[in-house]
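In case you want the letters, here they are:
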Amino acid sequence: MLQDVLHLFLPHYCCGCSTLLLQQEDLLCVSCRTFLPFTDQHCHTPNEALNKFYGKVKINHASCMLYYTKEGIVSRLLHQLKYNNQPKISYTLGRMYAELLAETAHLDTVDYLIPVPMHKRKQRQRGYNQVDGFADALAYYFGIPVNRTLLTKITHTPSQTTKTFQERIKTKITTFYLGDSSSFIGKHLLLLDDILTTGSTLETCAKLLLQIPGCKVSILCLAYTK
């Protein structure tokens, strides 16, 4: 009864198409969920995501859940996540991905989840790291601990949202710092990010992590830019 009243006076709208959600719907309406553009990359090795890093850095496994296209449903979801104070989107999409990944063995040997960090200034402005919900969902589903201190972003860069693919490639690589890694020797670390475009940020982070003796690195992202 209370939920009915709350839904009446505080209606929720679909983050994909802005239609009014039914009481049993969460974040996305049934129609938008039906048409989510899944990549199925987790079912294939090699795949498009892993190929991004071929010849650049040794990655154990890489995959992304959804295809990202400009003006598409995934673009609208990530915009809501980053700029409209909707951190729940990250957790909900992470939970969806966890259910798909449970059908594979990719996370069986993972020791820690490592969300790509934001610069502290940008995180203060936004109020959260958009990758944290994704990490928390995987941690809850698979029982893998999240570490948010091993990597630190020490260079603040402006948003890449309005830049073209070519402009992003030319952007100076963001600087990250590797903290005390003595507890991570020989571990399998899973890097997490919201979207894979050029792969330069993840490549930089992976190269730092691979400086740890015996370390292996895999990558998961919520979206992949076609």
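The structure we're discussing is the one just above.
Reading the values: the criteria
Residues numbered from 1 in each chain as written. Predicted model: local features only at pLDDT ≥ 70, side-chain atom pairs only at ≥ 80, totals over all residues. Heavy atoms only, no water. Core = buried A, V, L, I, M, F, W, Y, C linked by side-chain atoms within 4.5 Å. Buried < 20%, exposed > 50% of the residue type's maximum accessible area, 1.4 Å probe, protein only. Helix = DSSP H or I, 4+ residues; strand = E, 2+ residues; numbered from the N terminus. Contact = heavy atoms within 4.5 Å. Axes fitted to C-alpha atoms, helices over the stretch in contact; angles between N-to-C directions. Parallel < 35°, antiparallel > 145°, perpendicular 65-115°, else oblique. Nonpolar A, V, L, I, M, F, W, Y, C, P; charged D, E, K, R; others polar. Pairing = 2+ DSSP bridges.

Asker: For this particular structure, what's the right way to read the nonpolar core?
Answerer: Soluble globular proteins tend to pack their nonpolar side chains together in the buried interior. Counting residues in hydrophobic clusters, the biggest one holds 37 residues, and the most contacted among them are Leu192 and Leu220. Contributions of two or more residues to this core are made by strand S1 (62-68), helix H4 (73-83), helix H5 (88-101), helix H7 (132-142), strand S5 (188-196) and strand S6 (216-225). The dominant element in this core, judged by the number of residues it contributes, is H5, at six residues. Setting aside its immediate chain neighbours within four residues, Leu220 contacts His61, Ser63, Tyr97, Leu101, Leu107, Phe134, Leu138, Leu190, Leu191, Leu192 and Asp193. Formed by 29 residues, the second largest nonpolar core is a distinct cluster that contains Ile114, Leu151, Leu189 and Ile212.

Asker: Which parts of the structure should I look at to understand the environment of Thr155?
Answerer: Inspection of the secondary structure assignment puts Thr155 in the loop between strand S3 (151-153) and helix H8 (165-170). For the pair Thr155 and Lys120, spaced 35 residues apart in sequence, the C-alpha separation works out to 9.5 Å.

Asker: What is the right way to look at the packing of H4 against H5 in this model?
Answerer: Packed helix pairs are characterised by how far apart their axes lie and by the angle those axes make with each other. Two elements in contact, H4 and H5, have axes whose closest approach is 8 Å; the angle formed by their N-to-C orientations is 135°. By the angle between their axes, H4 is oblique relative to H5. Where H4 abuts H5, its residues Leu77, Gln80 and Leu81 lie against Ile89, Ser90 and Leu93. A class-by-class count of the residues in the contact of H4 with H5 yields four nonpolar, two polar and no charged.

Asker: Explain the sheet that holds S5 to me, please; I cannot follow it from the model alone.
Answerer: The pairing of strands in a sheet comes from backbone hydrogen bonds and takes either a parallel or an antiparallel form. Reading across the sheet, the four strands line up as S1-S6-S5-S2 and stay open at both edges, with parallel pairing between neighbours. Two strands close off the open sheet at either side, each with one partner strand: S1 and strand S2 (112-115). Strand-to-strand twist in this sheet, taken as the mean axis angle between neighbours without regard to direction, amounts to 20°. Direction of pairing for S5 relative to S6: parallel, over a ladder of eight bridges. Bridging across to S6, Leu196 finds its partner in Tyr224.

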